[in-house]
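Next come the chains, spelled out residue by residue.
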Amino acid sequence: MLTIYNVSKNFGDFSALENINLEFTNGVYGLLAPNGAGKTTLMKIITTLLYPSGGEVLYDGQDIFKMGENYRDILGYLPQEFGYYKNYSPKQYLLYIAAIKGIEDKVAKERVKKLLRLVALEDVTNKKMKKFSGGMIQRVGIAQAMLNNPKILILDEPTAGLDPRERVRFRNLLTDLSRERIVILSTHIVSDVESIANEIVMIKDKGILYKDSIKNICKIIEGMIYETEIDFQDASSFKRRYQSLSEKQEEGKMKIRFISKEAPISTWRSVSPSLEDVFLYIYNDGTLEGDNV
Ligand SMILES: Nc1ncnc2c1ncn2[C@@H]1O[C@H](COP(=O)(O)OP(=O)(O)OP(=O)(O)O)[C@@H](O)[C@H]1O
């Protein structure tokens, strides 16, 4: 179990995170927040790349900063900008990283072969990576993070730049991997974590706002989400009053999904909240009038 206990992080006078408390067991966790909320900072602390200004991070009760090599042996990390060598093949690259990690040659060869199969890159094992798609590169990234068969796998914005098919493949891979390890991935894209994360961790105002299942998080706004059709000319006043979640044109009218805490009127249809609705509600920019914020 990975435990984050009262962790804070300051950069000079600026406080990026305050009193973070979290516990992780095996499964996929989606760290979800807008850019700049502190996701990368938190992930860097978990990977020991940044030292917290206060608090502790424990793995099975041991301080990860004191575990040194022993912690790095159980940690896999895919940073936001992962540096690979275009002129290398995935096999060459992974063997090279394995050598840096001090994995014995014979063991490394076996593992690289297995990992390339796991991330479905067997057919391009010896092809130079310069012609690879974003999704293929991300899968090489996952494979390098998995070289030491880590108990904790940290992925910083791993789905940026993937096309929808690659996203699906990527999700399936993570679900598979999370059976026997802690997988924490950060993103500001709700749909990336919606179908794979067992729990969502939301950061707001430097702290943890929620750590819960999607189902429970959605309960926060249950009974507050509606859809209705309005005339385009009424749209701006409507949107000043109610927070719009999505809009589309339908038969000359605007179909709008929105949040209201007021008693509904007969033309509103109550709908089930989604994680995307919660995200928009939580991180709304405060441009509404009245009590609906
Ligand atoms: N080395 C640093 N020095 C000063 N401020 C920093 C430093 N690193 C991060 N910050 C600030 O801390 C806050 C959190 O940054 P962080 O990169 O963790 O956010 P994020 O949620 O990961 O966003 P993104 O996805 O854009 O990286 C931001 O306001 C950022 O400007």
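Rules used in this analysis
- Residues numbered from 1 in each chain as written.
- Predicted model: local features only at pLDDT ≥ 70, side-chain atom pairs only at ≥ 80, totals over all residues.
- Heavy atoms only, no water.
- UniProt positions renumbered as here; feature names shortened; annotations may be inferred.
- 1 Å grid on protein atoms, 1.4 Å probe; cavity = no way out; pocket = protein on both sides within 12 Å on 5 of 7 lines; lining within 4 Å.
- Points joined across faces, edges and corners; volume = space filled by probe spheres on them.
- Helix = DSSP H or I, 4+ residues; strand = E, 2+ residues; numbered from the N terminus.
- Nonpolar A, V, L, I, M, F, W, Y, C, P; charged D, E, K, R; others polar.
- Core = buried A, V, L, I, M, F, W, Y, C linked by side-chain atoms within 4.5 Å.
- Buried < 20%, exposed > 50% of the residue type's maximum accessible area, 1.4 Å probe, protein only.
- Contact = heavy atoms within 4.5 Å.
- Pairing = 2+ DSSP bridges.
- Axes fitted to C-alpha atoms, helices over the stretch in contact; angles between N-to-C directions.
- Near = heavy atom within 4 Å.
- Polar contact = N/O pair within 3.5 Å; in protein donor to acceptor, adjacent residues only side chain to side chain.
- Areas by Shrake-Rupley, 256 points an atom, 1.4 Å probe, with all protein chains shown as cover.
- Phe/Tyr/Trp six-rings, centres within 6.5 Å; stacked < 30°, edge-to-face > 60°.
- Salt bridge = Lys/Arg side-chain N within 4 Å of Asp/Glu carboxyl O.

The name an unreviewed UniProt entry assigns to the chain is ABC transporter ATP-binding protein, from the organism Irregularibacter muris. Quoted verbatim from the Sequence similarities (unreviewed entry) field of UniProt, the annotation for the chain is "Belongs to the ABC transporter superfamily."

## Some details on the layout of surface pockets
By volume, the largest pocket amounts to about 530 Å³. Forming the boundary of the largest pocket are 19 residues, of which Arg72, Leu75, Ile97, Lys101 and Gln144 lie nearest the centre. Secondary-structure elements contributing two or more residues to the lining of the largest pocket are α3 (69-72), β6 (75-78) and α4 (90-100). Classifying every residue of the lining of the largest pocket by side-chain character gives ten nonpolar, five polar and four charged.

## A few points about the nonpolar core
Counting 85 residues, the largest nonpolar core has Leu2, Phe24, Tyr71 and Ile142 as its most contacted members. Here this core takes six residues from helix α6 (residues 134-145), the largest share from any one element. Setting aside residues up to four positions removed in sequence, Ile142 forms contacts with Leu78, Val119, Leu155, Phe170, Leu173, Leu174 and Leu177. Within the second largest apolar cluster, nine residues are counted, among which are Ala235, Ile256, Phe258 and Trp268.

## Let's talk about the sheet that holds strand β13 (residues 253-259)
Judged by pairing direction, the sheet is antiparallel, and its four strands sit side by side in the order β12-β13-β11-β14 without closing on themselves. Strands at the two margins of the open sheet, each flanked by one partner only, are β12 (243-250) and β14 (269-270). Of the pairings in the sheet, the one linking strand β11 (residues 225-230) to β14 comprises two bridges and is antiparallel in character. Opposite Glu227, over in β14, you have Arg269 as the bridge partner. On the sheet, helix α11 (residues 275-282) packs against β11, β12 and β13 and is oriented at approximately 125 degrees with respect to β12.

## Things to note about the site of the ligand
Lining the immediate surroundings of the ligand are 13 residues, of which Gly36, Gly38, Lys39, Thr40 and Thr41 lie closest. In the model, an oxygen atom of the ligand is placed 2.9 Å from a nitrogen or oxygen of the Lys39 main chain. In this structure, Glu157 approaches the ligand through a side-chain N or O atom, which is 3.2 Å from an oxygen atom. When the ligand sits alone it has 630 Å² of accessible area, and the protein chains cover 60% of it. Among the elements of the structure, β2 (14-24) and α1 (39-46) are those that each provide at least two residues to the shell around the ligand. The biggest single contributor to the shell around the ligand is α1, with three residues. Classifying every residue of the shell around the ligand gives five nonpolar, six polar and two charged.

## Some points on the packing of aromatic side chains
Pairs of aromatic rings are described using the distance from one ring centre to the other and the angle between the two planes. Going through the model one piece at a time under the given rule, you end up with 14 aromatic pairs. Seen in terms of ring centroids, Tyr226 and Trp268 are 5.3 Å apart; in terms of plane orientation they differ by 50 degrees. Their pairing is tilted. Here Tyr226 is found in strand β11, whereas its partner Trp268 is found in the loop between β13 and β14, with 42 residues between them in sequence. As far as the burial class goes, Tyr226 and Trp268 line up, both buried. Their ring planes at 50 degrees and their centres at 4.8 Å tell us that Phe238 and Tyr242 sit as a pair that is tilted. Here Phe238 and Tyr242 have matching classes, each one buried.

## Concerning the sheet that holds strand β4 (residues 54-59)
The strands making up a sheet associate through backbone hydrogen bonding, with each pair oriented either parallel or antiparallel. With antiparallel pairing, the four strands of this open sheet are ordered in space as β2-β1-β4-β5. Each of the sheet's edge strands pairs with one partner strand only, and the pair in question is β2 and β5 (62-63). Direction of pairing for strand β1 (residues 2-11) relative to β2: antiparallel, over a ladder of seven bridges. Residue pairing for β2: Val7 is matched across the bridge by Ile20.

## A short note on the pairing of β12
Sheet topology note: the β12/β13 ladder contains seven bridges and is antiparallel. Pairing of Ser246 across the sheet is with Arg257, part of β13. Hairpin connection between β12 and β13: a loop of two residues separates the two successive antiparallel strands, and Glu251 in this loop has a positive phi of roughly 50 degrees.

## With respect to the pattern of salt bridges
Counted under the stated rule, the structure contains 16 salt bridges. Between Asp277 and Arg257 there is a salt bridge whose closest N-O contact spans 2.7 Å. Of this pair, Asp277 sits in helix α11 while Arg257 sits in strand β13, placing them 20 residues apart in sequence. Arg257 matches Asp277 in its accessibility class, with the two residues each being buried. One network of salt bridges, in which partners are shared, links Glu227, Glu250, Lys255, Arg257 and Asp277.

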